[in-house]
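Structural characterization, general
Single-letter residue listing:
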Amino acid sequence: MNTEKKRNKLMEVQKELSFSGAFYAKKQDEIITGSSGFRNRAEKLENQVDTRFGIASGCKLFTAIAIAQLVEIGKLSFETKLQDCVAEKFPYFDKDITIHHLLTHTSGVPDYFDEEVMDDFELLWEKFPMYGVRAPKHFLPLFQHREMQGKPGSSFQYNNSGYILLGLIVEQATNRSFPSFVEENIFKAAGMNDSGYFEMDCLPERTALGYVEELNGKWKTNIYSIPARGGSDGGAYVTVRDMAKFWDALMDYQLLSEEMTREVLQARECVDEEDNIFYGYSGYMELDDNQEVIKYIQMGYDPGVNYRAVHYPHDKKTMIVCSNESEGAYELLKEMERII
């Protein structure tokens, strides 16, 4: 199947899925892109390939790279203890929590959004106004004085609070805000000129509004459903093309040295033994029977945000899907993997 036929097939799939968003696929020199739906429903403004989308937890990888950059210059190590690199006090936290534990979701700290207890992110903001949440420190009242949910080094348990703490570590190690550090040292370095940690009430041009479907079939924006500004556990805005640039920069050692890149991309915690899914500092990855990486996996979900991406290191193949609705990215990505 030639490139044009592949693109036409994917455009058909978008229509079948009623997909709202954009996609980008790159396999060596072949590039296929597309978009559908509206970035602004009220004004009938269509999504384009250069539309900026929120990616929720898809940007935890940026946080890990920021930490790795600080490890490379000697400001931190992966074994540095939390209590030794942040000024805030956590009276019920174990004293042996390390940066490694936080990166691998094995710290045992209480998660401010525990998906096993609460399945609707919007519920968080009923008593805790989201419009004041614009920096890592603003999340602390949600978990700072809660008991540990496990021992450091225990089994993998996905944890947003751990990445909030990593953001605090970056800020206090650099005397800069977390967004400004990432924008300078990752986005700018990778040529991601359209990406940033934008504030919900001050979005730049070409940014998609996130949409949530209500029970009555109407659509509302997600402005009251997520924090006013994203940070170290998620919430950056990117274009699909910028995310392809990111993977190119990471794999070409433009963000970290070759040695540190290998460290970040290494498999560490088994998440799903049956499907051979692991987690490392870089996020999820699928391994083959020889424990070699088949693909790296990024995902992000928020009300009105749905993001999936994969990078196949041996095939030099990258696929990015951003949606400004709560569903659709995974289904489109699976079709892209099948077709391309």
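To start, this report covers the structure provided alongside it. (Residues numbered from 1 in each chain as written. Predicted model: local features only at pLDDT ≥ 70, side-chain atom pairs only at ≥ 80, totals over all residues. Heavy atoms only, no water.)

Some remarks on the packing of helix α4 (residues 160–174) against helix α5 (residues 178–190)
For the record, the criterion: Each axis is a line fitted through C-alpha atoms, taken for helices only over the stretch in contact, and angles between the N-to-C directions span 0 to 180 degrees. Under the DSSP-based scheme used, a helix requires at least four consecutive residues in state H or I and a strand at least two consecutive residues in state E, with every element numbered from the N terminus. Angular relationships are summarised with four words: roughly parallel below 35 degrees, roughly antiparallel beyond 145, roughly perpendicular across 65 to 115, and oblique for the angles in between. What makes two residues a contact is simply this: any of their non-hydrogen atoms within 4.5 Å. Under the grouping applied here, Gly and all other residues not named as nonpolar or charged are polar, the nonpolar ones being Ala, Val, Leu, Ile, Met, Phe, Trp, Tyr, Cys and Pro and the charged ones Asp, Glu, Lys and Arg.
In the contact formed by α4 and α5, the axes pass within 9 Å of each other and the chain directions differ by 80°. By the angle between their axes, α4 is roughly perpendicular relative to α5. Contacts between α4 and α5 pair Gly167, Val170, Glu171 and Thr174 from the former with Phe178, Pro179 and Phe181 from the latter. When grouped by side-chain class, the residues that make up the contact of α4 with α5 number 4 nonpolar, 2 polar and 1 charged.

Some points on the packing of aromatic side chains
When we look at a pair of aromatic rings, we describe it by the centre distance and by the angle of the planes. To be explicit about the condition: Any pair of Phe, Tyr and Trp rings, taking the six-membered ring for Trp, is counted once the centres come within 6.5 Å. Such a pair is stacked with planes under 30 degrees apart, edge-to-face with planes over 60 apart, and tilted for the rest. We call a residue buried when its accessible area falls under 20% of the maximum for its residue type, exposed when it is over 50%, and partly exposed in between, using a 1.4 Å probe and counting protein chains only. Only when the NZ atom of a Lys or the CZ atom of an Arg is both within 6 Å of the ring centre and within 35 degrees of the ring normal do we say a charge sits over the ring.
Taken as a whole and judged by the stated rule, the model has 13 aromatic pairs. Their ring planes at 50° and their centres at 5.2 Å tell us that tyrosine 112 and phenylalanine 139 sit as a pair that is tilted. In this pair, tyrosine 112 sits in the loop between α3 (99–103) and α4 while phenylalanine 139 sits in the loop between α3 and α4, placing the two residues 27 residues apart along the sequence. Just as tyrosine 112 is buried, phenylalanine 139 falls in that class too. Seen from their ring centres, phenylalanine 156 and tyrosine 284 are 6.2 Å apart, and the 65° between their planes marks the pair as edge-to-face. Here phenylalanine 156 is found in the loop between α3 and α4, whereas its partner tyrosine 284 is found in strand β11 (residues 283–287), with 128 residues between them in sequence. With a relative accessible area of 16%, tyrosine 284 lands in the buried category. Through successive ring pairs, a cluster of aromatic residues spans Phe62, Phe178, Phe187, Tyr197, Phe246, Trp247 and Tyr296. The cationic tip of arginine 41 hangs over the ring face of tyrosine 211; the distance from NZ or CZ to the ring centre is 5.5 Å. The positively charged end of arginine 41 is found above the aromatic ring belonging to tryptophan 219, 4.1 Å away from the centroid.

Observations concerning the pairing of strand β13 (residues 305–312)
Stated formally: A pair of strands is considered paired only if DSSP assigns at least 2 bridges between the two.
The element β13 is extensively covered by neighbouring structure, given that 8 of its 8 residues are classed as buried. Residue alternation in β13 divides its side chains into two sets, Val305, Tyr307, Ala309 and His311 and Asn306, Arg308, Val310 and Tyr312, and both sets are buried. Sheet topology places strand β12 (residues 293–302) next to β13; 7 bridges connect them, and they run antiparallel. Paired with glutamine 298 across the strands is alanine 309, a residue of β13. The turn joining β12 and β13, which pair antiparallel and follow one another in sequence, is formed by 2 residues; a positive phi near 80° is taken by glycine 304. The antiparallel hairpin formed by β13 and strand β14 (residues 317–323) contains 4 residues in its connecting segment, where lysine 316 sits at a positive phi of about 50°.

Quick word on the sheet that holds β12
The antiparallel open sheet is built from 8 strands, whose spatial order is β2-β1-β14-β13-β12-β11-β10-β9. Here the strands that pair on one side only, and so sit at the sheet edges, are β2 (30–36) and β9 (269–272). For this sheet, the mean angle separating the axes of adjacent strands, direction not counted, is 20°.

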